[in-house]
Amino acid sequence: MLEVKVKTQPIRKLYDYWLSKASPDKLPARHDIDPAEMADFLPHLILLDVQTSPLDFRYRLIGTHISAYLRNDHTNHWMSTLDHQKPPSRIWDNCKQAVETAQPIYPSTPYVGPKKDIVEMEDLILPLARDGVNVDMLLVGVTYTRKSAP
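Residues numbered from 1 in each chain as written. Predicted model: local features only at pLDDT ≥ 70, side-chain atom pairs only at ≥ 80, totals over all residues. Heavy atoms only, no water.

Visitor: Describe the layout of surface pockets, and please don't skip the residues or the numbers.
Guide: Each pocket or cavity is described by its volume, and for the largest pocket that value is around 570 Å³. As for the largest pocket, its lining consists of 31 residues, of which His84, Gln85, Ile91, Val112 and Met121 are closest to the centre. Elements that contribute at least two residues to the lining of the largest pocket include exactly strand 1 (45–52), strand 2 (55–62), helix 3 (90–101), strand 3 (118–128) and strand 4 (137–146). The element contributing the most residues to the lining of the largest pocket is helix 3, with 4 residues. Of the residues contributing to the lining of the largest pocket, the split by class is 20 nonpolar, 8 polar and 3 charged. (1 Å grid on protein atoms, 1.4 Å probe; cavity = no way out; pocket = protein on both sides within 12 Å on 5 of 7 lines; lining within 4 Å. Points joined across faces, edges and corners; volume = space filled by probe spheres on them. Helix = DSSP H or I, 4+ residues; strand = E, 2+ residues; numbered from the N terminus. Nonpolar A, V, L, I, M, F, W, Y, C, P; charged D, E, K, R; others polar.)

Below is the structure:
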């Protein structure tokens, strides 16, 4: 599906896991995803509920690796209420694209946060659909690369 070279192991493992749950004509659903099978990359995950009318995204789960790099805990917050994420924003547009296309998105979103030693952020947005077609959740993987010590 994606024609990109994934850079980090957690994102590669997440993508391979998602592919193992998808079929050629059907997206995986939340009930297909088992946290017990995701131990290697669970700290790197965000799970977003998708509301379609009007479009919005609610943070259901934020992994421990990710929360360490955020200013605030966004769990249970709607993206539209967060100043740096509500539309128009790159993160909103990336999530919207995943919903509209029902395809994985590898957006290379720049890191904006309190840690000044972050060199790069790698992210991957994967659609989930209870009915296999209409996206109702997004599974997002995120890793951060820090500057090496001198």
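Still more to cover.
Visitor: Account for the packing of aromatic side chains, with residues named and values stated.
Guide: Following the criterion strictly, the structure yields 4 aromatic pairs and no others. A centroid spacing of 5.9 Å and a plane angle of 55 degrees characterise the contact between Tyr17 and Phe41, whose relative ring orientation is tilted. You can see Tyr17 sitting in helix 1 (residues 9–21) and its partner Phe41 sitting in the loop between helix 1 and strand 1, a full 24 residues away along the chain. No difference in accessibility class separates Tyr17 from Phe41, as the two residues are buried. Seen in terms of ring centroids, Phe57 and Trp92 are 5.0 Å apart; in terms of plane orientation they differ by 75 degrees. Their pairing is edge-to-face. One end of the pair, Phe57, is in strand 2; the other, Trp92, is in helix 3, and 35 residues separate them in sequence. Both residues of the pair, Phe57 and Trp92, count as buried. (Phe/Tyr/Trp six-rings, centres within 6.5 Å; stacked < 30°, edge-to-face > 60°. Buried < 20%, exposed > 50% of the residue type's maximum accessible area, 1.4 Å probe, protein only.)

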